[in-house]
Amino acid sequence: MHYDRDRLHFRGRWVAAALLAVAAGLCPAAEGILIEDGGSTSFIWQAQDGAGFRWDIYHNGAVNDGTNDAYDGGMNLQVNGSTFSWGGSGVLSKDGREVQVGPWRQGQVQIWRRIYIDPKLGYARWVDIFQNTATQAQSVNLRYQTNVGSSINSIQSTSGAAAIGPKDWGFVTDSRSRPRPAIAHVFASKASKVRPSVNVRVKNNDVTYSMALQIPAGKTVALCLFEAQRNSEPEAAAFLKAFRPAQELAKLPPALRAIIVNMQGSMLSLGNIELPRSDAADMVVLRNGNELLGKLQHDAFTVNTFFGRCELPAARVLGLLVPDPSDPLVQLVLNDGQVVSGTMDSPLLRLQLSGGDVMQIPPADLQSAAYAVSTQRPEEIPLAGPVAVLRSGERLAFDGTALPGTFHCEYGELNLDLDDLGSIALDTPDNGLHRAVFRNGSVLSGLLVTEQLSLPLLLGPKLDVPRQFVSQFVLTNDDASEGPLCRCDLRNEDVLLGVPVDEALPFRTPFGTVRVRPHDLAEMQRVDESFGQYHVRLHDGTTLTGRLDTDTLHFEIRPGPVIPVHVGHIVKLTCPKGAVKPPADATPTTAPGDETDQPTTAPAPEGNPPEAGSLEAHRDDLRRQMEEIGRELDALRNTRPSDPAAAENLKMQTVALLRQMQNLRAELAKVEKQIQEQAGSSRSPHRDTTNSPAPTTRPATTSAPVERIVTEIGPERPRPATAENLDEFFR
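Residues numbered from 1 in each chain as written. Predicted model: local features only at pLDDT ≥ 70, side-chain atom pairs only at ≥ 80, totals over all residues. Heavy atoms only, no water.

Some thoughts on the sheet that holds strand 3 (residues 40-41)
Move 1: One open sheet holds the nine strands; their spatial order is 3-8-9-10-11-18-15-14-13, and the pairing between them is antiparallel. The open sheet has two edge strands, strand 3 and strand 13 (154-157), and neither has a second partner.
Move 2: Bridging between strand 3 and strand 8 (residues 90-92) involves two bridges; their strand directions are antiparallel. Within the sheet, the bridge partner assigned to Thr 41 lies in strand 8 and is Gly 90. (Pairing = 2+ DSSP bridges. Helix = DSSP H or I, 4+ residues; strand = E, 2+ residues; numbered from the N terminus.)

Structure, rendered in C-alpha cells:
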C-alpha cells in the first residue's frame, strides 16, 4: 500500500492526496503494519491495563500468568503444527503500550505478533501478521491455545447462550475460583465472515481457536483477537456487552487495520475514508473525542461541489466527515459507496439526544456523523458501478461506457474490454505507469491513453477533468478467475493469469530443438539474467535447459486479451496441471503395457493438396512433425558428451523427443482410423507406404519405460535416428 504525501492544488483548495491500494496486497514494509521505531525489551515484558490488571508477555507473544493466575499460558500460536518461537528482543511502540515479536518463518510464511495493552478500557489486543513470500497462494492451519488456569465452571456467549453459536463473536469464561479473574474473549466482530472455530467446554481448562488462513501470493493478512480480565463473571459479561471492536480498531494504523480479515463491522472504510458507525443509534464524533448517540435531524443535504450542485435525500446518506476543521469542505458518504465533497448550505449539524434535546454542531467541532446501521444503510456497501476515485477523495459513480479502454503498454496498444477489468490505478508513485488490474488478478503496466475525461455521473452532472485528477477507476469487485490458471511473472513485476496460446514453444538446446506444447509444460524459469534461456520442467517429470527459440510468447488473460509478451520480459511461467487443455483431437499416450494394434492407413487423396482443416491435412501435418523430430533425434546420433552434466542433459533431451514421438504416433493412428472410416467399406483400406513416416504394425507405445531405454543408450548402442527405427528402442 502506498501513501502519497504530495499535496494537490484543486479548485483553489489544498487537500491531502492519499491512495489506498487493495488491502490484501499490503506488505509489512507499509507504514504502520509493523512497529518500526521505539524502544526494545528483553522478556518478560509487563504492563498494566486501564482496569488495573497485569499482563506479562513472553518472547513468543503469549501471556504467562496475568493477574492472580488468570492464565497458565494464554494465546499461544501454532502454525501448521509448529509453535511460534522468537529468541530475540521485542520492539516497543513509542508510548510503551505495545510490544512486537518476530519475524518467525514457517515455510513460505513470515509471522509477526503485536500485543497492545489498553490504558483506558482495560484489555489486551493481539494482532498477528502473516506475510506470504511465495509466488503461490498459501493455506496455513492456525491454532490458538489458552489455558485459563483452572477448570471452567461457566461459559456465556455474546448471544447469552452457554455454548458458542455461529453468530457469536465473543464469550466469557469463569472458574469461580477467586481471586482468579473471569476472562472475556473476543475472536471476531459481529459482521465478520472470517472467524475461527472455537472449542471451549466446562470442566476443562482450555480455550482453543482453529482456522485455515488463506494468504494470496505475495500478500500479507492479519488476525486480531482481544482478551480482558475482570473480577467476576458479571463484570466480564458487562465488558463484552459494551465492547465495540470497530471503535477499538480505530486505534490501529490504517495500513494495519486494512489487512485484518476477522474484524469487520461498524467502521466503514472506503479508500482513505473511515466512518465510525453504531448499530444502536445515529452517532456523532466530536473533535474533542466525545461520542454522541441520538437521531440526526435532516431530511436532505445540499452540497456545492466543483462539478455542480447536488441535492441528496437523507435516505441516500450514510454519514459525513470534516477532514479539516479550518476548511468548510465536507465529505458525504452515500449508501451506494459514493463519496461527494463540497460545502453544505446548512452550516450546522442537528442531533436529537435520547432525552429529547437537540444539539447544533458547527463543522469546526465535528469529526464525523453517521446514521445507524440498518437495512437501508447496511454495514457492507455494494459498489454502485464503475467509480472514479479522485485525488481529492471523491468517489463518483459514472457510466462505464464513456471510459475509453485504449491502453498503451510494452506489448503495443491494447483496446481493453472494461468488463474484463477490476480497476485501473493511475496514481502509482513507484514507477509512474498506470496499472490495469483484471478481474482475475492479472496486473499490466502501461498508460491509459485518454488525457481529458468526460464522464456522465450517476448523480446527474458530467465530470469533465484532466486524467491526472483521477487516482483510480474501480470498475468491479467481482472475481472472474477461471482456475486453475497459468501464471506469467514479468520483469517489471507485472503478473498475467491465463494460458499460453501458442501451439508449441520451441526450446533450442545443445542437442537439438525440443517443441514443448503448453499443456505439457509445468514450469519455465529464467536462468539468471540470460535472455531467453530457461530451465524447463514438464508435467511428466522431464527437465531440460534451453533457449526459447522465438521472440514472442502469446498469453491470453482469462477473461481478457491475448498479450504478445516479449521473451526477454518473462521471468517465470507456471502452469498447474489441467490449466491448459490439450487440443480436442489430441490422443493421450497409451499406458505402458497396452498392446492395441494401430489401424492401417487410408489412401491419401491424389492430385490437389488436402483441404486446410481436413483430416488428411491434419495427418500430413502430424507426419511432418514426426519427420522433424526424427531429424532432431538424428542430430543426437553421433553426440558423445564427455561432461557428466551434458550427458545427463542429453538423456533428458532424448526422453522428451521420444515422448513427443509417442504422442504423435498415437494421434496419427487415430486420424488414420478416422480417414479409413470415412473411406467406407466399398474401398479396401491399404497402407500408404509412400509417405508414411513409420511402420504401423506396432502399438502406439511400448511396454518398456522410456527412462530405462535412455539410460541404456551408450557408445556401443545406436541412438534413435528417425521415426522408422524408433521401434527397436521399444523392444
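From this point on, the discussion continues.
Side note on the packing of aromatic side chains
Move 1: In total, this model carries 13 aromatic pairs according to the counting rule given.
Move 2: Aromatic side chains Trp 55 and Tyr 71 sit 5.9 Å apart centroid to centroid with 45 degrees between the ring planes, which places their arrangement in the tilted category. In this pair, Trp 55 sits in strand 5 (residues 54-57) while Tyr 71 sits in the loop between strand 5 and strand 6 (76-79), placing the two residues 16 residues apart along the sequence.
Move 3: On the basis of relative accessible area, Tyr 71 is assigned to the buried category, the value being 0%.
Move 4: Ring plane angle 55 degrees and centroid distance 5.8 Å describe the contact between Phe 187 and Tyr 209, whose orientation is recorded as tilted. In this pair, Phe 187 is assigned in the loop between strand 15 (182-186) and strand 16 (197-200) and Tyr 209 in strand 17 (residues 206-215), connecting sequence segments 22 residues apart. (Phe/Tyr/Trp six-rings, centres within 6.5 Å; stacked < 30°, edge-to-face > 60°. Buried < 20%, exposed > 50% of the residue type's maximum accessible area, 1.4 Å probe, protein only.)

Side note on the sheet that holds strand 6
Move 1: Pairing in this open sheet of five strands is antiparallel, and the strands run 7-6-12-17-16 from one edge to the other. The outermost strands of the open sheet, each flanked by one partner alone, are strand 7 (82-83) and strand 16.
Move 2: Note that strand 6 and strand 7 share two bridges and pair antiparallel. Its bridge partner lying in strand 7, Val 79 is registered against Ser 82.

Here we look at the nonpolar core
Move 1: Counting residues in hydrophobic clusters, the biggest one holds 90 residues, and the most contacted among them are Val 284, Phe 473 and Met 524.
Move 2: Considering every element that reaches this core, the biggest residue donor is helix 5 (residues 644-679), with seven residues.
Move 3: When sequence neighbours within four positions are dropped, the list of residues in contact with Met 524 reads Leu 505, Phe 507, Tyr 534, His 535, Val 536, Leu 548, Ile 570, Val 571, Lys 572 and Leu 573.
Move 4: Of all hydrophobic cores here, the second largest spans 69 residues; its members include Trp 55, Leu 77, Phe 84 and Ile 152. (Core = buried A, V, L, I, M, F, W, Y, C linked by side-chain atoms within 4.5 Å. Contact = heavy atoms within 4.5 Å.)

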